[in-house]
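Coordinate inspection notes
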Amino acid sequence: IRNRLQQCNNSMEKTMVSIDLNKNTSHGGKSKARLPYLFSSIKLAVLVVLCLQNSLFTVLRRYSQGVLKETYSKHEVLLIGEVIKIVYSIYQISHVLPDNQTLHVRLNYLFQKSWKMFFLAVLYGLMNILSFVALQNIGAGVFTIFAQCKILTTATFSTLLLGRKYSAGKWRALIGLMLGVLMFSEPIWNNIKTYETEIEGNPILGTGAVILEVTLSGFASIYFEQVIKTDQEQLGIWERNFQLALGSFPIYLMFMLHSGGGDVGYFGGWSIVAVALSILGAAGGLLVALSIKHGDSILKTLATTGAIILSSVLDYYVMGGPLSAIMIIAGAQVVINICNYTFDKTPEESVVPPKGDPERI
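In this report, we go over the structure that sits alongside the text.

Let's shift gears to the overall build of the protein. A count of helical and extended segments in the protein gives 13 helices and zero strands. Overall, the protein shows an N-to-C arrangement of helices and strands of α-α-α-α-α-α-α-α-α-α-α-α-α. Residue burial in the protein is summarised as follows: out of 361 residues, 42% are buried.

This is how it looks when you write it as structure tokens:
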């Protein structure tokens, strides 16, 4: 009898363990099934917020300088935006400090390890200079046409530097997106006056400058993504933003000093709108980093492209800007291609981060 009771107890224990394992496996499967959904939700949310930020920044800037005729320096707005990013990044860093390390020691370490972000800041400064040179030598229409190639250069560098392979559907979506933006901007490049410059320019120099600027833009986007996702140091998003803003500050300061401030001198002509633009500019930089962390550089490009459409619609209703039937059709094509790219289910080779905590930000 004793032996029979022992056998029954053992059998019941095995049954209970089996039930617990099945429950755990079931919950684990559900959790794993939820991960792609949650990732897609975060990616879509970042895409929408970044698109709204870009649109609001564009419309508010046009309202400030086109309607209110404010005379502040745009370089000062960008400079203050970098200061805001530095302060906010330090605030975030202070909440995720490693054990037994003070904020001062951590910031000093980040400064010593910031050469990669300083290189990116120099690239951004060079791109601004190239844009200025291009617009001095070619019209805004030609510049707009070449600028849309940023979509393809970003995807190309993503393939070359990160080894990422895109499906045929995503390549079709990117090409359709580029053509849709070109058609949407038809009022700019199809106007003869846009090909005229105020001074005698060198078309070859201007074309070369804009091609180089577009190429550097694609490289800079993928370089930033590569540093964030594959760098052995495994620094967080806020730490990288701190380094990038720290490297950008002297560049924008140099631009501000070179231009002599606004029409009314250094930090003259500022208003509530100018302060709002600085805050929006800083928010844009932080959102770009989040878009790369939760998606990729193409996601950032999609948000920027979508912002062109949304800002033009807002411009039409708020300030009476142009919005023709062709622009509406082109805008619909852009939205469709963004959806085709974002919700494409074809698996792709993603960047594998180095050993460490992949969730650390």
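Contact geometry for helix 4 (residues 115-137) and helix 10 (residues 237-259): axes closest at 8 Å, N-to-C directions at 40°. Between helix 4 and helix 10, the interaxial angle falls into the category oblique. Crossing handedness for the pair helix 4 and helix 10: right-handed. Of helix 10, the residues touching helix 4 (which contributes M117, F118, L120, A121, V122, Y124, G125, N128 and I129) are R240, Q243, L244, L246, G247, S248, I251, Y252 and F255. Residues belonging to the contact of helix 4 with helix 10 are distributed by class as follows: 12 nonpolar, five polar and one charged.

Core analysis: the largest hydrophobic core is formed by 52 residues, its most contacted members being L120, F224, I298, L302 and Y341. The element best represented in this core is helix 9 (residues 203-230), accounting for nine residues. By size, the runner-up hydrophobic cluster in this structure holds nine residues, among which are I86, L235, W238 and L286.

Here we come to unusual backbone geometry. Of note, K69 is a non-glycine position whose phi angle comes to about 55°, a positive value. Within the secondary structure layout, K69 lies in the loop between helix 1 (2-67) and helix 2 (74-93). According to the relative accessible area criterion, K69 is exposed, its value standing at 57%. In the Ramachandran plot, N100 falls in the positive-phi region, its phi being about 60° despite a non-glycine side chain. By the element assignment, N100 lies in the loop between helix 2 and helix 3 (103-112). Judged by its relative accessible area of 85%, N100 falls in the exposed class.

We now examine helix 7 (residues 168-184). Helix length check: helix 7, at 17 residues, gives a terminal C-alpha distance of 24 Å against a target of 24 Å (1.5 Å per residue), a fit within 8%. Listed in full, the buried residues belonging to helix 7 are K170, A173, L174, G176, L177, M178, G180, V181, L182 and F184.

When you line up the elements, Q243 lands in helix 10. A relative accessible area of 0% places Q243 in the buried class. A polar side-chain atom of Q243 sits 3.3 Å from the main-chain carbonyl oxygen of K113. Within polar-contact distance, the side chain of Q243 engages the side chain of R240 at 2.8 Å.

Moving on to the pattern of salt bridges. Under the defined criterion, the tally for this structure stands at five salt bridges. Its salt-bridge partner being E82, residue K85 comes within 3.3 Å of it at the nearest N-O pair. Of the two residues, K85 and E82 are both situated in helix 2; the distance of three residues between them amounts to about one turn of the helix. Judged on exposure class, the residue K85 and its partner E82 are both buried. The salt bridge partner of K229 is E225, with a shortest N-O separation of 3.4 Å.

On inspection of all chains with the given rule, the structure shows 12 aromatic pairs. Here the aromatic rings of Y88 and W238 are separated by 5.5 Å at their centres, their planes lie at 80°, and the arrangement is edge-to-face. Residue Y88 is located in helix 2, and its partner W238 is located in helix 10; the two are separated by 150 residues in the primary sequence. The exposure class of W238 is buried, given its relative accessible area of 13%.

A cluster of nonpolar residues, L44, V48, L52 and F343, forms a patch on the protein surface that exposes about 340 Å² of accessible area. Tracing the chain through its elements places L44 in helix 1.

Running from N to C, helix 9 and helix 11 (residues 272-294) point in directions that differ by 65°, and their axes come no closer than 10 Å. Between helix 9 and helix 11, the angle is such that the two are roughly perpendicular. Pair helix 9 / helix 11 crosses with right-handed handedness. Every residue of helix 11 that contacts helix 9 at S221, F224, E225, I228 and K229 is listed here: V288, A289, I292 and K293. Partitioning the contact of helix 9 with helix 11 into residue classes produces five nonpolar, one polar and three charged.

The next subject is helix 10. For helix 10, which comprises 23 residues, the first-to-last C-alpha distance of 32 Å matches the rise-based estimate of 33 Å (1.5 Å per residue) to within 8%. The sharpest bend along helix 10 measures roughly 25° and falls at S248, with the proline P250 sitting one to four residues further on. Positive phi shows up at G260, right after helix 10, with a value of about 75°.

Rules and cut-offs
- Residues numbered from 1 in each chain as written.
- Predicted model: local features only at pLDDT ≥ 70, side-chain atom pairs only at ≥ 80, totals over all residues.
- Heavy atoms only, no water.
- Helix = DSSP H or I, 4+ residues; strand = E, 2+ residues; numbered from the N terminus.
- Buried < 20%, exposed > 50% of the residue type's maximum accessible area, 1.4 Å probe, protein only.
- Axes fitted to C-alpha atoms, helices over the stretch in contact; angles between N-to-C directions.
- Parallel < 35°, antiparallel > 145°, perpendicular 65-115°, else oblique.
- Left-handed = near helix turned anticlockwise from the far one by under 90°.
- Contact = heavy atoms within 4.5 Å.
- Nonpolar A, V, L, I, M, F, W, Y, C, P; charged D, E, K, R; others polar.
- Core = buried A, V, L, I, M, F, W, Y, C linked by side-chain atoms within 4.5 Å.
- Expected span 1.5 Å × (residues − 1).
- Polar contact = N/O pair within 3.5 Å; in protein donor to acceptor, adjacent residues only side chain to side chain.
- Salt bridge = Lys/Arg side-chain N within 4 Å of Asp/Glu carboxyl O.
- Phe/Tyr/Trp six-rings, centres within 6.5 Å; stacked < 30°, edge-to-face > 60°.
- Patch = residues over 30% accessible without salt bridge, like charges linked within 9 Å, V, L, I, M, F, W, Y side chains within 5 Å.
- Areas by Shrake-Rupley, 256 points an atom, 1.4 Å probe, with all protein chains shown as cover.
- Bend = angle between axes of the 7 residues up to and from the residue.

Function cannot be inferred from these measures alone, as they are strictly geometric.
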